[in-house]
Amino acid sequence: DVKAIKALSFSGQMMGCLLVDKQGKALRRSIIWSDTRAKEQEKQLIERIGFDRGYALLGHRISCSYSLAKLMWLQQHEPDLYAQSYKMLQAKDYIICKMTGAFVCDRSDASGTNILDIHRLEWSEEILSAAGISMDKMPVLRNSTDVAGRLLAHAAKELGLHEDVQVVCGGGDGPCSTLGAGCINDNQYFLTFGTSAWIAGTSKNVFLDEDKILFSFAHVIPGRYMPTGTMQAAGASYAYLKRTFCEEEIRQAQAQGVDVYHLLNQLIAGSPAGAKDLLYLPYLTGERSPRWNPQATGAFLGMRMEHTKADYLRAGIEGVAMNLAVILEAQRKHADISELILTGGGAKGDILSQILADVLGCDMIRPDHVEEATSMAAAVLAGIGAGIYEDFSAIDMYLQFGEALYPNPDHHTLYRKRLQVFNAAYQQLEPLFPIISEA
């Protein structure tokens, strides 16, 4: 019954740049998170404010992946359109604007723009001044549980809802995933294994590390942060290996009416821990954490005649897990982490989950809904904003956890040694990556 709906909220993709006019009309298509056209503007910003100062101020590296460099690009390349614009919005905030007429951005989403002072949790005059961008272009900052407004009459009609529905600000998909994994208390951490993968959690502190491996978002929980390390090609590596080497298994799965990954997991189980010393570097699309090298490429090392398809698949998963282990080491400089809540599509596979446990040396705890964390978080934010839920512990109503997977001590000892080889392999190949990219 639509009359029972009291509030709605959002989880949305972050790091975008959408210019709108005073009526909330989009003036052009949004430039999304994966667009890296603003490399020159990234360089300009670093020259003006300094790389180290930017990281200390924002909790993130200055990068063209974030909103600010994209906004600078629009100012320099589409100046007439920039002059017409009223505000820059993120994806979910554009929808909020259409629903309520309000121009707002919650602090979690704002922390993915390269504009939010991560310590004060306010827009940074310093960074905007360095970028040559007016503060007037920024929407009003709100907390994730704040009510942005009620539905406008035309929006209510279009949605089939009543005008009393409260529209709650919600959060960026990354911070929402933290709440959706059940990480509401300090030093609770989780690993999401999807196309990309990240290790993140809840903390009252911003994590700034010397090597700048990690970055910190503002949490959807006011006063808390989400220290994060994100790698690019996790499930993407597995999908690449499936697509490139496993046509036979794909046909077999179609004939049997089963998920092809079920067959691939059976193959992996036939390869020993360490994949007979076959090593994989998972840098198919460059890398964010822990390497921060867009020129890095993937590689198999230690190839011998004895290696089978099963070994290549297992080495692929192990390489992703070892890359995540480097991220986890950076997190452990700030927090004691002995268990991780495992979410994302990868959490559905027992073999993959066990390899993660063995490599990382962490207990892996899997919720019953591994792919709906962000949506469940948005529901909780709506409920808190509307006064239906008292606090963030409401997420417990949505989550049930199965039996944990524990690391095999012998395998973990083996992988600790392999991790040294993994890091050395990257360090030795690093000088070759720019040469390869120019060839």
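The structure contained in this document is the topic of the report that follows.

What counts and what doesn't
- Residues numbered from 1 in each chain as written.
- Predicted model: local features only at pLDDT ≥ 70, side-chain atom pairs only at ≥ 80, totals over all residues.
- Heavy atoms only, no water.
- Helix = DSSP H or I, 4+ residues; strand = E, 2+ residues; numbered from the N terminus.
- Rg over C-alpha atoms; globule rule 2.2 N^0.38 Å.
- Buried < 20%, exposed > 50% of the residue type's maximum accessible area, 1.4 Å probe, protein only.
- Contact = heavy atoms within 4.5 Å.
- Pairing = 2+ DSSP bridges.
- Axes fitted to C-alpha atoms, helices over the stretch in contact; angles between N-to-C directions.
- Salt bridge = Lys/Arg side-chain N within 4 Å of Asp/Glu carboxyl O.
- Core = buried A, V, L, I, M, F, W, Y, C linked by side-chain atoms within 4.5 Å.
- Phe/Tyr/Trp six-rings, centres within 6.5 Å; stacked < 30°, edge-to-face > 60°.

### Examining the overall build of the protein
Each helix and strand in the protein was counted, giving 17 helices and 19 strands. Over its C-alpha atoms the protein spans a radius of gyration of 23 Å, differing by no more than 12% from the 22 Å that the globule rule assigns to 439 residues. Looking at the protein residue by residue over its 439 residues, the buried ones come to 56%. When contacts within the protein are restricted to residue pairs at least 6 apart in sequence, long-range pairs at least 24 apart make up 72% of them.

### Brief notes about the sheet that holds strand β19 (residues 363-365)
With mixed pairing, 6 strands are arranged side by side in an open sheet as β14-β15-β13-β12-β18-β19. One side of each edge strand has no neighbouring strand; the edge strands of this open sheet are β14 (215-218) and β19. The average undirected angle you get between the axes of adjacent strands in this sheet is 30°. Where strand β18 (residues 339-343) meets β19, 3 bridges bridge the pair, whose relative direction is parallel. Among the inter-strand pairings, Glu339 is bridged to a residue of β19, identified as Asp363. Running over the sheet, helix α13 (residues 309-332) touches β12 (188-193), β13 (197-202) and β15 (225-231) and is turned about 150° from β15.

### Side note on the pairing of β14
Consecutive side chains along a regular strand alternate between the two faces of the sheet. Burial of the side chains of β14 extends over both faces: Phe215 and Phe217 are buried on one face and Ser216 and Ala218 on the other. Sheet analysis places β14 next to β15, joined by 4 bridges and oriented antiparallel. Across the sheet, residue Ser216 finds its bridge partner in β15, namely Pro227. Counting the residues between successive antiparallel strands, the hairpin from β14 to β15 contains 6 residues, one of them, Gly223, with a positive phi of roughly 85°.

### A look at the pattern of salt bridges
This model, assessed by the stated rule, comprises 17 salt bridges. Asp350 is the partner of Arg366 in a salt bridge, and the nearest nitrogen-oxygen pair spans 2.9 Å. Separated by 16 residues along the polypeptide, Arg366 in the loop between β19 and α15 (373-385) and Asp350 in helix α14 (residues 350-360) bring together distant segments of the chain. Residue class for Arg366 comes out buried when judged on its relative accessible area of 16%.

### Quick word on the environment of Val104
Take Val104: it is sitting in strand β5 (residues 104-106). The buried category is assigned to Val104, whose relative accessible area is 5%. When the C-alpha positions of Val104 and Leu128 are compared, they lie 18 Å apart, and in sequence the two are 24 residues distant. Setting aside residues no more than four positions away along its own chain, Val104 makes contact with Leu89, Asp93, Ile96, Pro139, Val140, Arg142, Ala148 and Cys169.

### Topic: the sheet that holds strand β1 (residues 7-8)
The strands making up a sheet are joined through hydrogen bonds of the backbone, oriented either antiparallel or parallel. On the basis of which strands lie adjacent, the open sheet formed by 3 strands has the order β1-β10-β9 and mixed pairing. Both outer strands of the open sheet, β1 and β9 (147-150), are each paired with one neighbouring strand and no more. Pairing between β1 and strand β10 (residues 166-168): 2 bridges, direction parallel. Counterpart to Ala7 in the pairing with β10 is Gln166. Relative to β9, helix α5 (residues 91-100) is tilted by about 30°, and along the sheet it contacts β1, β9 and β10. Across the sheet, α15 touches β1, β9 and β10, and the angle it forms with β10 is around 125°.

### Side note on the nonpolar core
Formed by 55 residues in total, the largest nonpolar core has its most connected members in Leu191, Leu324, Leu340, Leu356, Leu360 and Met364. Considering every element that reaches this core, the biggest residue donor is α13, with 11 residues. Apart from residues no more than four positions distant in its own chain, Leu191 is found in contact with Trp198, Ile199, Leu324, Leu340, Ile341, Leu342, Thr343, Leu356, Leu360 and Met364. Listed in part, the 36 residues of the second largest apolar core include Leu74, Met88, Ile115 and Tyr225.

### Details of the environment of Gln295
The topology assignment puts Gln295 in the loop between β16 (279-281) and β17 (299-301). Spatially, the C-alpha atoms of Gln295 and Ile355 are 28 Å apart, while their sequence positions differ by 60 residues. In this structure, Gln295 is in contact with Phe433, Pro434 and Ser437, ignoring residues within four places of it in sequence.

### Side note on the packing of aromatic side chains
Tallied over the full model, the rule gives 8 aromatic pairs. With a centroid separation of 5.5 Å and 90° between ring planes, the pair formed by Phe215 and Phe217 is classed as edge-to-face. For Phe217, a relative accessible area of 6% translates into the label buried. The interplanar angle of 35° and the centroid separation of 4.9 Å between the aromatic rings of Tyr280 and Phe300 together place this pair among those described as tilted. Residue Tyr280 is found in strand β16, and its partner Phe300 is found in strand β17; the two are separated by 20 residues along the sequence.

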